[in-house]
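Overview (structure and organization)
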Amino acid sequence: MIAIINPDTPVPVIDGLIANGFTPVTIPLCLQVHRPIAGHPDIQLCIVNNTIIYQPAIDSSFLQVLSHTKYQLVRGQTTLLSSYPYDCAYNCAHTGKVAFHNTKVTDNSIKQALKICSDPLIHVNQGYTKCSTCIVDTDAIITSDISIHNAALRNSIDSLLIQPGYIELPGYNYGFIGGASGKCSDTVYFTGHVNHHPDAMQIKHFIEQHNKKIAFLSDLCAIDIGSIFFIDMNT
């Protein structure tokens, strides 16, 4: 199992992934977007069930690594640009049952992949939905974004609304819980501890309530690295 991560990921987080049996693979920087998010996997990739949709300028050597996974690779149709919302065409949050995104900017290849698996794409005002959404289960999320939270509840997805902030993102005032986490099997992994977050107890309880485990990859404060994507290899 590989873990696709930001090349700027702190060493303690990388060590935590290795200690948990994952092989970290860094995604190349995307030169078309602002440097603080250029290495964020959720800016360049969207995973819809067994399909990985990737931004078209991604380095071919990275695609070679992905070609050895169990996933179908689909080239996205949208070229990323530096200004919002033209940098978030692939930052769509798919729970495995429903997807949330600002549908005005969602890449068409993502829309097609969702249509094939009959998973609805729900419009929200937020473009960075994957950054903003910690996916706990197919029917449970954690977010600090009110538009995502309300859309989830309207579509029978349990949602915990938390206070914004308290997650680090170098280059910005703060980061987001989705970008500081990733789910694999029955465990939600965080880049660091959330004990400093005012809603820490609610976060832990919500995850446990949905019969999932919680793991902290380091003793750092949780840091937004652009999500962690866990990918099965063919071998």
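Just above sits the structure.
Quick summary incoming for the structure in this document. Keep in mind the model is a prediction, meaning the values are calculated, not measured. (Residues numbered from 1 in each chain as written. Predicted model: local features only at pLDDT ≥ 70, side-chain atom pairs only at ≥ 80, totals over all residues. Heavy atoms only, no water.)

Some details on the overall build of the protein chain
A tally of helices and strands in the protein chain yields seven helices and 15 strands. By its C-alpha atoms, the protein chain is 40 × 40 × 35 Å across when sized along the principal axes. Counting over 235 residues, the protein chain shows a buried share of 55%. A separation of at least 24 residues holds for 59% of the contacts in the protein chain among residues at least 6 apart in sequence. Element-wise, carbon and sulfur atoms account for 51% of the exposed surface of the protein chain, whose accessible area totals about 10,000 Å². Side chains of the protein chain give 13 positive and 18 negative charges; the mean places of these two sets differ by 8 Å. (Helix = DSSP H or I, 4+ residues; strand = E, 2+ residues; numbered from the N terminus. Buried < 20%, exposed > 50% of the residue type's maximum accessible area, 1.4 Å probe, protein only. Contact = heavy atoms within 4.5 Å. Areas by Shrake-Rupley, 256 points an atom, 1.4 Å probe, with all protein chains shown as cover. Lys, Arg positive; Asp, Glu negative; His and termini not counted. Charge placed at Lys NZ, Arg CZ, Asp CG, Glu CD.)

A closer look at the sheet that holds strand β12 (residues 181-184)
Strands sit in the order β12-β13-β14 across an open sheet of three strands; the sheet is mixed. Whereas interior strands pair on both sides, the edge strands pair on one side only; in this sheet they are β12 and β14 (213-216). Sheet twist, expressed as the mean angle between neighbouring strand axes with direction ignored, is 25°. Where strand β13 (residues 187-190) and β14 come together, four bridges link them in parallel fashion. Counted as the bridge partner of valine 188 is isoleucine 214 from β14. The strands touched by helix α7 (residues 200-209) are β13 and β14; relative to β14, the strand with the most contacts, the crossing angle is about 135°. (Pairing = 2+ DSSP bridges. Axes fitted to C-alpha atoms, helices over the stretch in contact; angles between N-to-C directions.)

Considerations on the sheet that holds strand β2 (residues 23-26)
Taken together, three strands build an open sheet; the order of strands is β2-β1-β15 and the sheet is mixed. At either margin of the open sheet sits one strand with a lone partner, and together these are β2 and β15 (229-231). Between one strand and the next, the sheet's axes are offset by a mean angle of 30°, whatever the strand orientation.

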